[in-house]
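Architecture and fold: a report
Read off the chains here:
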Amino acid sequence: MKNWKLKEIVVMSVLSVVFAVVYLAFLPVGKVLTGFFGPIGYDFIFGIWFIVSIIAAYIIRKPGAAFLSETIAATVEVLLGNAAGPMLLISGMIQGLGAESAFAMTGYRRYNLGTLMFSGMMAAVFSFVWGYFQSGYAALAGGYVLLMFVTRLISGAILAGVAGKALSDALAKTGVLSGFALGKEKRKKHAA
């Protein structure tokens, strides 16, 4: 967290706490979808569990923002009573590493829609590999597992990447992010 400003740490932390609550709120939705569609039900909405990493990285634009925000959100979820317990910390860290890897691949220089969608997809890849072993996907038919994976990739791209950008851009329009990298970028574009 070298060269981080206090306000960046505070905003990342606040976002993480807010999305930890959002994540908990989506658990029953996932359970309903799983009841209707089987194990793939969660994959339809799995991207929502990556969104804070994309939002924090897009707003702050510093190495570690995606990983740390997702890790903090997972920690808060555990403290709020998520039934997954401490194993959720590992899941959050893995998801955060996946999202972070996309920004690292660009040298932390690209924060366009394509990169944000790729970040959501990388979080999906990392989380799916973890889930494959942790949740016993190997017991499922190969074609079904492939469909789950593709569904999670799409969910990561849309719910984390596209929705994360839309939420962040809407927040930037209010002016509250004027002191952050995203807010400064929006001001430059508006002035031009």
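Every chain begins its residue count from 1, and numbering advances along the sequence as written. Local features in this predicted model are restricted to residues whose pLDDT is 70 or higher, and side-chain atom pairs enter the listing and the counts only when it is 80 or higher, whereas totals over whole chains, interfaces and linings include all residues. Only heavy atoms go into the side-chain values, all of them from the structure, while hydrogens and water stay out.

**Structural notes on the UniProt feature "transmembrane region" (unreviewed entry) in the protein**
UniProt positions are given in the numbering used here, feature names are shortened, and annotations may be inferred rather than shown by experiment. Feature annotation in UniProt assigns "transmembrane region" (unreviewed entry) to the following positions: residues 9-28, 40-60, 113-133 and 139-163. Numbering of helices and strands starts at the N terminus; helices are DSSP runs of H or I of at least 4 residues and strands are runs of E of at least 2. The span residues 113-133 carries 100% helix and 0% strand; its end-to-end C-alpha distance comes to 31 Å.

**Thoughts on the packing of helix 1 (residues 6-37) against helix 4 (residues 65-79)**
Any two packed helices are characterised by how steeply their axes cross, that is the angle between the axes, and by the distance between the axes. Axis angles are defined between N-to-C directions and span 0 to 180 degrees, where every axis is a line fitted to C-alpha atoms and, for a helix, only to the segment in contact. Between helix 1 and helix 4, the least distance of the axes is 8 Å, while the angle of their chain directions is 50°. Between helix 1 and helix 4, the interaxial angle falls into the category oblique. You can see that helix 1 and helix 4 cross each other, and the crossing is right-handed. Between helix 1, through Met12, Ser13, Ser16, Val17, Ala20, Tyr23 and Leu24, and helix 4, the contact on the second element is made entirely by Ala65, Leu68, Ser69, Glu70, Ile72, Ala73, Val76 and Glu77. Amino acids outside the nonpolar list (Ala, Val, Leu, Ile, Met, Phe, Trp, Tyr, Cys, Pro) and the charged list (Asp, Glu, Lys, Arg) are all regarded as polar, and Gly is one of them. Class assignment of the residues belonging to the contact of helix 1 with helix 4 gives a composition of 10 nonpolar, three polar and two charged. For classification, angles of less than 35 degrees are called roughly parallel, those exceeding 145 degrees roughly antiparallel, those between 65 and 115 degrees roughly perpendicular, and all remaining angles oblique. Left-handed describes a crossing in which the near helix is turned anticlockwise from the far one by less than a right angle; the clockwise case is right-handed. Working rule for contacts: check all heavy atoms of both residues, and any pair within 4.5 Å makes them a contact.

**So, the environment of Asp169**
Structurally, Asp169 can be placed in helix 7 (residues 142-173). Spatially, the C-alpha atom of Asp169 lies 8.1 Å from that of Leu182, the residues being 13 residues apart in sequence. Leave out the neighbours within four places in its chain, and Asp169 touches Tyr58, Leu182 and Lys186. Of the polar contacts made by the side chain of Asp169, one reaches the side chain of Lys165; its length is 2.6 Å. Polar contact is the term for a pair of N or O atoms within 3.5 Å; when the atoms are in protein, one must be able to donate a hydrogen and the other to accept it, and sequence-neighboring residues count only if both atoms are side-chain atoms.

**Some details on helix 6 (residues 113-134)**
The length a helix should cover is 1.5 Å for every residue beyond the first. End to end, helix 6 covers 31 Å across 22 residues, agreeing with the expected 32 Å (1.5 Å per residue, within 8%). Here helix 6 has its buried residues at Thr115, Leu116, Ser119, Gly120, Met122, Ala123, Ala124, Ser127, Phe128 and Gly131. The inward-facing, buried residues of helix 6 abut helix 3 (51-60), helix 5 (87-105) and helix 7. Immediately downstream of helix 6, the backbone of Gly136 shows phi near 75°, a positive value. Only protein chains enter the area calculation, which uses a 1.4 Å probe; residues under 20% of their type maximum are buried, those over 50% are exposed, and those in between are partly exposed.

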